[in-house]
Amino acid sequence: MIRGLWTHAAVLYSVKDGTLYSVDSNGQQVSLGALNSTAGVVDFESNHTQLCINDGSYLYVYTPLTGVLTTSANYPGGDRLSFLDQRVNFMYRGTQQFGWTDLANAVSINVLSFASAESTPTALVSQLAFNHELWLFKTDATEIWDPIGGLTVYQKSTAAIDYGCVAAHSAQKTANSV
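Residues numbered from 1 in each chain as written. Predicted model: local features only at pLDDT ≥ 70, side-chain atom pairs only at ≥ 80, totals over all residues. Heavy atoms only, no water.

(A) How the structure looks around the packing of aromatic side chains. According to the stated counting rule, one finds 12 aromatic pairs in the structure shown. Seen in terms of ring centroids, F90 and Y92 are 5.9 Å apart; in terms of plane orientation they differ by 45 degrees. Their pairing is tilted. Summarising the burial analysis for this pair, F90 and Y92 share the class buried. (Phe/Tyr/Trp six-rings, centres within 6.5 Å; stacked < 30°, edge-to-face > 60°. Buried < 20%, exposed > 50% of the residue type's maximum accessible area, 1.4 Å probe, protein only.)

(B) Expanded view of the pairing of strand β15 (residues 142–149). Pairing of strand β14 (residues 133–138) with β15 involves 4 bridges; the strand directions are antiparallel. Bridge assignment links F137 to a residue of β15, and that residue is T142. Where β15 meets strand β16 (residues 153–161), 6 bridges bridge the pair, whose relative direction is antiparallel. Each residue of the ladder has a partner; that of P147, found in β16, is Y154. Linking β15 to β16, which pair antiparallel, is a turn of 3 residues; within it G150 sits at a positive phi near 70 degrees. (Pairing = 2+ DSSP bridges. Helix = DSSP H or I, 4+ residues; strand = E, 2+ residues; numbered from the N terminus.)

(C) Up close: the sheet that holds strand β6 (residues 51–54). Pairing is antiparallel in the open sheet, where 4 strands are placed in the order β5-β6-β7-β8. If you trace the sheet from one side to the other, it starts and ends with β5 (43–46) and β8 (68–71), each paired once. Within this sheet the neighbouring strands show an average axis-to-axis angle of 20 degrees, counted without direction. Across 4 bridges, the pairing between β6 and strand β7 (residues 59–63) is antiparallel. When the bridges of β7 are listed, L51 appears paired with Y62. (Axes fitted to C-alpha atoms, helices over the stretch in contact; angles between N-to-C directions.)

Just distances and angles here, no functional claims.
The structure is reproduced here in structure tokens:
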């Protein structure tokens, strides 16, 4: 079963059952490595040099230049990834916390690189990077955070929306809006 598709650097990638594949224009698949799971939706994201695959428990990082598929050791598990300013962002499942990878290196996660979305007491459900902002969705609210760089990385903007979502993959970008 195909669990997800993504294009990175003009190459189509797929996760079928428990294997990551590259797919050429003729539909031929080349196995690139195995995941630790075989079922459920996977979420993809990429920086300029790495493809990230999230199965909810592990953050897999494939580097096409070296052909190496590895996992990020400090990944806490979560449902969605996003990319903003050379960092891959993720959520801590069942909490208000979200975190980010080191700059341009999705394999490296500093355990102190996190913040909390605390406008309401509910947990994060989903996230998107949109218009150079990080949108964090809860069931009852959406918080918007701005990248500021440096050690802080993000700060909460003055914008908050009194609507959220209940399904992690229902938050999507379409045309020029969320």
